[in-house]
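Secondary and tertiary structure notes
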Amino acid sequence: MAQQHLDRLTSTDASFLHQEGRCAHMHIGGVLLLDGPPPTQQEVMDHIRGRLHLIPRYRQKLATPPLDTGRPLWIDDNSFNLDYHVRSIALPSPGSEAQLLETAALIASQPLDRDKPLWEFWLIEGIEPKPGGSSERFALISKNHHALVDGVAGMDLAAALFDFSPEPRIVDTERLVAWKARPEPSPLDMALAGARDALESAAGLTARTLGAATRPAHTVGALRDSAEGLAELMWAALNPAPETPLNVPIGPHRRFATVRQELADYKTVKDCFGGTVNDVVLSVVSGALGRWLRSRGIRTEGVEMRALVPVSVRTKDDEGSLGNRLTAMRGPLPVYIRDPVVRLGVVSAAMADLKESKQAIGAAALVAVNDRMPPTVLAQASRIQFSTRLFNLLVTNVPGPQVPLYILGRQLEDMFPLAFLPENNALAVAIMSYNGRLEYGLLGDFDALPDIDVIADGIEQSLQELLAIAKRGVNVAAAAGRRSQGPAADMRAKRSSPQARQARQARQARQARQERATRSQNPAAAAGLKDEKT
C-alpha cells in the first residue's frame, strides 16, 4: 500500500497520538550497535537521502482537520530538512556501553516535534571496543512515533536502510523524479479529504453488508465469534490486573537496560518442555519480575500480573505500508510461581487458551468500530485501551531477520528495541530476535525504577534455570500441563468446548465476587502485595 499525501491515520495510529502526554511519550525505536569505524554524519545523511523514496512517510507530517472533523492526515512537509532529523554525538571517554544506554535513555526522554515528520536518527560515536576486541564500534539510535510505525513496520524501515551484504545494494534511481512537496492543504481540502474517506468507508461497509447477505451462514458465524470475543474482553476488563509498584504516575525521564541472549537457548527450552518461544519469553519475564518484587520485600503469593502483548495482523497486502496493523492480548505473568518449569507450564497453557479464545476477534471488531468513531469519542476509547486496570506492563516480541545486516559496509551486531511507557506504566519490555540472538530492551521510568538492572539480571537468571533443567534432559511437559498426545489432548479438547468455557466463566465470576468481598474487608490482603514481615 503506497504512502500518499493526504492519507488519513487509522484509528489505531491516532490512538497513540491521543495517549501522548507530557510524561507518556509514544515513540518507539532501537539501539543498533555496529562494528567498524563510524561513518561521518554526512555519509549517513547521504545514505538515507538515497533511500527516502522507499519510505515517503519520512517526508510527511501531521495535519489536523478543522474543528476535529476527522482523524489527522499525513501531508508532505514543505520545509523538510534532513539535517534536522539525522543527528550526531560522541560519547565522552571511555565510551562504555553503560554510557551508551544512558544516552539512549536521554533520547527516549524527549518527545518528538509534531510539527515535523515524526522520526529521528542518531549517530553515536566514541564507543569502546567490546571486551576482548580491538575494533572500533559505533551506534545508531532510531526513534519513530508509534503513529508512524508498529514494530513490524519498523523492521520494514530497517530493510530499506540496511543491506544483506557488506557491499551496499544498488538502488535504481534513474527513473525517479526529484521529490517536490505538494502544497499544504487548506482547511477545505482537509474537509473534502475527510468527506472522501467517509464515502469510501460507507462504500466499503455497503459492500461488506451485501457480501454478508450472500453468505448468511458465514455471516452468522462471524457475528457470533465477534460477540463471544467482545464478551471475553469485557470479562477481562471486569477482572483488573493487580496493583504493583510498576503502576504508578510516571515522569518524562527514562532508564534503559539491555539483555543479550541466544535464540537457540529459547528453542532448547521450548523443544524440551513444549509451548512456543514466546511462551518461554513470558515465563522468563515472569520469573524476573517475581525476583524483583521479592527484592523489594513484596509478597508474590497468589499474584498473577498481566502483560499487554501486541500481536501483528500484518498481511502480505500490508507489505511496504507503515502505520499499525496489530491487536493485543493480555498474557499472564504468574510471578507467584517460583518453580521455573511449572511457571512455564502455566504460561503455555494460558496462552494456548487465549489463542483458542475469541479475544483477538473481539479486539479486531473494536478496531473496526473505532475506525468509524469521531475523534473525541476515539480519544476516550484509547484511554480505556491503555488503562492500568487491564495490564501491568507492555511485553512485545518482534521477530527480526536471522541473517547479518549491514549499513555502509559495517555489520550490525546488536539490535536492542526501545518500547514506550503509557501513563501509569513504569516498565516496558521489548524483545527483538536478530541473527541467532534474542535481545531485550527494558525501558523504565527514571524515578520509579532505579533498580531496573535487577529485572535485567533476573531475565538472565530465569533463562539459565530453565536451560539447566532442559540440558539435563528432564522432560516434564505433561506434568507441567502442556499439550501432549493421547488422553491429555482429549482433555484439552474438552476444556476448549463451549460448555467448558461457560463453566470456567461461571467459576471466574464466583472468584471475582469473592475477591471483591475480600477487598472490601482488607484491600491490602486482596491485592496480595503486602510487605514481607522482617
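On to the overall build of the protein. Counting secondary structure elements, the protein contains 16 helices and 15 strands. A burial count over the protein gives 49% of its 534 residues as buried. Looking at the protein alone, contacts between residues at least 24 apart form 80% of all its contacts between residues at least 6 apart. As displayed, the protein offers around 24800 Å² of accessible surface, 57% of which is attributable to carbon and sulfur atoms.

Right, let's get into the pairing of strand 11 (residues 393-399). Here strand 11 lies mainly inside the structure; five of its seven residues are buried. Sheet analysis places strand 11 next to strand 14 (residues 427-434), joined by six bridges and oriented parallel. Of the residues in strand 14, the one forming a bridge with proline 399 is serine 433.

Time to look at the sheet that holds strand 1 (residues 7-8). Taken in spatial order, the three strands of this open sheet run 1-4-3, and their pairing is antiparallel. Single-partner strands in this sheet number two, and they are strand 1 and strand 3 (60-63). Of the pairings in the sheet, the one linking strand 3 to strand 4 (residues 73-76) comprises four bridges and is antiparallel in character. Across the sheet, leucine 62 pairs through a bridge with tryptophan 74, a residue of strand 4.

What follows deals with the packing of aromatic side chains. Counted under the stated rule, the structure contains three aromatic pairs. When the ring of phenylalanine 16 is compared with that of phenylalanine 420, the centres are 5.8 Å apart and the planes differ by 90 degrees; the resulting orientation is edge-to-face. Of this pair, phenylalanine 16 sits in helix 1 (residues 11-19) while phenylalanine 420 sits in the loop between strand 13 (410-418) and strand 14, and the two are 404 residues apart along the sequence. No difference in accessibility class separates phenylalanine 16 from phenylalanine 420, as the two residues are buried. Positioned over the ring face of tyrosine 84 is arginine 87, at 4.6 Å from the centre of the ring.

A few words on the sheet that holds strand 6 (residues 119-127). The strand order 5-6-7-2-13-12 describes an open sheet built from six strands, whose pairing is mixed. Each edge of the sheet is formed by a strand with only one pairing partner; in this case those strands are strand 5 (86-90) and strand 12 (406-407). Direction of pairing for strand 12 relative to strand 13: antiparallel, over a ladder of two bridges. Along strand 13, the bridge assignment pairs isoleucine 407 with arginine 410. Helix 2 (residues 41-49) contacts strand 5, strand 6 and strand 12 of the sheet and is inclined by roughly 155 degrees relative to strand 5. Sheet strands touched by helix 4 (residues 97-108): strand 2 (27-35), strand 5, strand 6, strand 7 (137-145) and strand 13. Its angle to strand 2, the strand with the most contacts, is close to 155 degrees.

The next subject is the environment of valine 284. Tracing the backbone through its elements, the reader meets valine 284 in helix 9 (residues 277-295). With a relative accessible area of 0%, valine 284 lands in the buried category. In this structure, the C-alpha to C-alpha distance between valine 284 and arginine 343, residues 59 residues apart in sequence, is 8.9 Å. Those residues in contact with valine 284 that sit more than four places away from it in its chain are Tyr266, Tyr440, Ile459, Ser462, Leu463 and Leu466.

This brings us to helix 13 (residues 452-471). Here helix 13 spans 29 Å end to end across 20 residues, near enough to the 28 Å set by a 1.5 Å rise per residue. Taken together, the buried positions of helix 13 are occupied by Ile452, Ile455, Ala456, Gly458, Ile459, Ser462, Leu463, Leu466, Leu467, Ile469 and Ala470. The buried side chains of helix 13 occupy one side of the element, clustering within an arc of 165 degrees when seen end-on. On its buried side, helix 13 packs onto strand 8 (254-262), helix 8 (263-273), helix 9, helix 10 (340-356), strand 14 and strand 15 (437-445). Downstream of helix 13 by a residue or two, glycine 473 has a phi angle that is positive, lying close to 80 degrees.

Taken residue by residue, the protein gives an average pLDDT of 79. The fraction at 70 or more is 69%. Note that residues 318-324 has pLDDT below 50 and, in this model, 33 contacts with residues that lie over four places away or in other chains. Contacts of residues 518-534 to residues separated by more than four positions or lying in other chains number 24 contacts, the stretch itself having pLDDT below 50.

General note: in soluble globular proteins, nonpolar side chains tend to be found buried as a group. Among the nonpolar cores identified, the biggest contains 72 residues, and Ile48, Trp119, Leu140, Phe162 and Phe256 are the most heavily contacted of them. If sequence neighbours within four positions are ignored, phenylalanine 162 has contacts with Leu32, Leu34, Arg51, Leu140, Arg169, Leu405, Tyr406, Ile407 and Leu412. Listed in part, the 49 residues of the second largest apolar core include Cys272, Ile298, Met351 and Leu466.

Direction vectors running N to C along helix 9 and helix 13 enclose 125 degrees, while the axes themselves pass 8 Å from each other. On the basis of the axis angle, helix 9 is oblique to helix 13. Regarding helix 9 and helix 13, the two cross each other, and that crossing is right-handed. Residues Val280, Ser283, Val284, Gly287, Ala288, Leu289, Arg291, Trp292 and Ser295 of helix 9 form the contact with helix 13, whose own contacting residues are Val454, Ile455, Gly458, Ile459, Gln461, Ser462, Leu463, Glu465 and Leu466. When the residues that make up the contact of helix 9 with helix 13 are grouped by side-chain class, the tally is ten nonpolar, six polar and two charged.

Here the focus is the pattern of salt bridges. Per the stated rule, a full pass over the model turns up 22 salt bridges. Residues aspartate 46 and arginine 49 are paired through a salt bridge, measuring 2.8 Å at the closest nitrogen-oxygen approach. Linking aspartate 46 with arginine 49, this pair stays in helix 2, spanning three residues, or about one helical turn. A single salt-bridge network, built from bridges that share partners, covers Glu97, Arg137, Arg260, Glu262, Asp414, Arg437 and Glu439.

The rules behind these values
- Residues numbered from 1 in each chain as written.
- Predicted model: local features only at pLDDT ≥ 70, side-chain atom pairs only at ≥ 80, totals over all residues.
- Heavy atoms only, no water.
- Helix = DSSP H or I, 4+ residues; strand = E, 2+ residues; numbered from the N terminus.
- Buried < 20%, exposed > 50% of the residue type's maximum accessible area, 1.4 Å probe, protein only.
- Contact = heavy atoms within 4.5 Å.
- Areas by Shrake-Rupley, 256 points an atom, 1.4 Å probe, with all protein chains shown as cover.
- Pairing = 2+ DSSP bridges.
- Phe/Tyr/Trp six-rings, centres within 6.5 Å; stacked < 30°, edge-to-face > 60°.
- Lys NZ or Arg CZ within 6 Å of the ring centre and 35° of its normal.
- Axes fitted to C-alpha atoms, helices over the stretch in contact; angles between N-to-C directions.
- Expected span 1.5 Å × (residues − 1).
- Arc of directions from axis to C-beta.
- pLDDT = per-residue confidence, 0-100.
- Core = buried A, V, L, I, M, F, W, Y, C linked by side-chain atoms within 4.5 Å.
- Parallel < 35°, antiparallel > 145°, perpendicular 65-115°, else oblique.
- Left-handed = near helix turned anticlockwise from the far one by under 90°.
- Nonpolar A, V, L, I, M, F, W, Y, C, P; charged D, E, K, R; others polar.
- Salt bridge = Lys/Arg side-chain N within 4 Å of Asp/Glu carboxyl O.

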